[in-house]
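Residue-level structure breakdown
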Amino acid sequence: MFTIRCILGLSAKHPLSVPALGLKIKVQNRMSSSPHPHPLAAVCQMTATPDKEANFAAGKQLLEEAKERGASMAFLPEGFDYIASSREETLSLSESLAGETISRYTQLARKLELWLSLGGFHERGHNWETDRRIYNSHVIINDTGDIVSVYRKSHLFDIELPEKGISMRESSFTIPGPCLISPIQTPIGKVGLGICYDLRFPELSLTLQRHGAEILTYPSAFTVATGAAHWEVLLRARAIETQCFVLAAAQVGQHHKKRSSYGHALAVDPWGEVLGDCGGEKSGMVVVEVDLEKINRTRRNMPVQQHRRDDTFYQSLAQS
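Let us look at the structure shown here. Model, not experiment: these values are computed from the prediction.

What counts, and where the lines are drawn
- Residues numbered from 1 in each chain as written.
- Predicted model: local features only at pLDDT ≥ 70, side-chain atom pairs only at ≥ 80, totals over all residues.
- Heavy atoms only, no water.
- Helix = DSSP H or I, 4+ residues; strand = E, 2+ residues; numbered from the N terminus.
- Buried < 20%, exposed > 50% of the residue type's maximum accessible area, 1.4 Å probe, protein only.
- Phe/Tyr/Trp six-rings, centres within 6.5 Å; stacked < 30°, edge-to-face > 60°.
- Lys NZ or Arg CZ within 6 Å of the ring centre and 35° of its normal.
- Pairing = 2+ DSSP bridges.
- Axes fitted to C-alpha atoms, helices over the stretch in contact; angles between N-to-C directions.
- Parallel < 35°, antiparallel > 145°, perpendicular 65-115°, else oblique.
- Left-handed = near helix turned anticlockwise from the far one by under 90°.
- Contact = heavy atoms within 4.5 Å.
- Nonpolar A, V, L, I, M, F, W, Y, C, P; charged D, E, K, R; others polar.

Quick look at the overall build of the protein chain now. Helix and strand counts for the protein chain come out as 9 helices and 17 strands. Burial statistics for the protein chain: of 320 residues in total, 54% are counted as buried.

In structure tokens:
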């Protein structure tokens, strides 16, 4: 089962080769020194701004709190590094994986002995010097400060909702990721990586589940309008159809004059039950126990994946 504790009021075209940057990649086996029967995950919520130093201070405070409360892994939202007020500012503030922001978080992970999910990070692209474009990257750091996985967002948020006053074109400065990434073994289970708008594509979650994911994570910065309409529904749907835990860190509140986010960082179990919700007003976190046996029970009692037909069945239609 899960236990939930919510803490509110904290202020707050080519894949880039990580080894080429001299960063060590290492995968560790699942482990936990927690006194709890199951490992704890901290799903965080924050309000990033264009001020990178203030954002790091807020992220650091959340992660220190997560460690104090016994978490083995903590999740920060999309745009944890910053949320800028223009395309030009977004690009000018971006960094490589070898830059100061990720370096500071690797040091913090090592100091706290805490696994981190950081995404999406504004990562300068492979051809930055010529095209000035970035990736939206989900970075996993282990408890010794090593980068163990990087997923680059596949589906970019290009929408026009004039009745809601929303117009966004992420593709104007972001490169779509070239591929999905195999789920990564962590102390809380095998984690499959997505980012925000990826949540709307069940093909992604089902592929990660088929490759062994036990937990799906969607760090996000949903708009207020789309969040109120779709956020919880989508997260619960992804949990139900894959019979995985879903952990979704979130941005909340006003980032600057042009943008606000919905919040409601959420934890959902394999049955689709909401286990923790950070609300829509303040920074904070939910801390939950991850009982992987609940996945086994859910899949054993309702073996949806065994009942699924092969891909060719869903691609063919008989003429009526």
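This paragraph deals with the packing of aromatic side chains. If you walk through the whole model with that rule in mind, you get 7 aromatic pairs. Each ring, one from F56 and one from Y105, has its centre 5.0 Å from the other, and the planes form 75°; the classification is edge-to-face. Highlighted residues: F56 in helix α1 (residues 52-68) and Y105 in helix α3 (residues 100-112), separated in sequence by 49 residues. You can call F56 buried: its relative accessible area is 12%. An aromatic cluster is defined as three or more aromatic residues linked by ring pairs; in this entry it consists of F56, F80, Y105 and F121. Here the guanidinium or amino end of R104 rests over the ring plane of F56, the centre of that ring lying 3.9 Å away. Note that R309 overlies the ring of F313, its terminal NZ or CZ placed 4.0 Å from the centroid.

Strand order across the open sheet formed by 6 strands is β9-β10-β11-β12-β15-β16, with mixed pairing between neighbours. Here the strands that pair on one side only, and so sit at the sheet edges, are β9 (184-186) and β16 (274-277). Geometrically, the sheet is characterised by an average inter-axis angle of 25° between neighbouring strands, direction not taken into account. Bridge count between strand β10 (residues 189-193) and strand β11 (residues 215-217): 3 bridges; the pairing is parallel. Bridge pairing in β11 links L193 to T217.

Further remarks concern the packing of α1 against α3. Where α1 meets α3, the closest approach of the two axes is 11 Å, and the angle between their N-to-C directions is 20°. As far as their axial angle goes, α3 and α1 are roughly parallel. For the element pair α1 and α3, the recorded crossing hand is right-handed. Along its contact with α1, which presents K52, E53, N55, F56, G59, K60, L63, E64 and K67, the element α3 presents T101, R104, Y105, L108 and L112. Its residues placed into classes, the contact of α1 with α3 shows 5 nonpolar, 3 polar and 6 charged.

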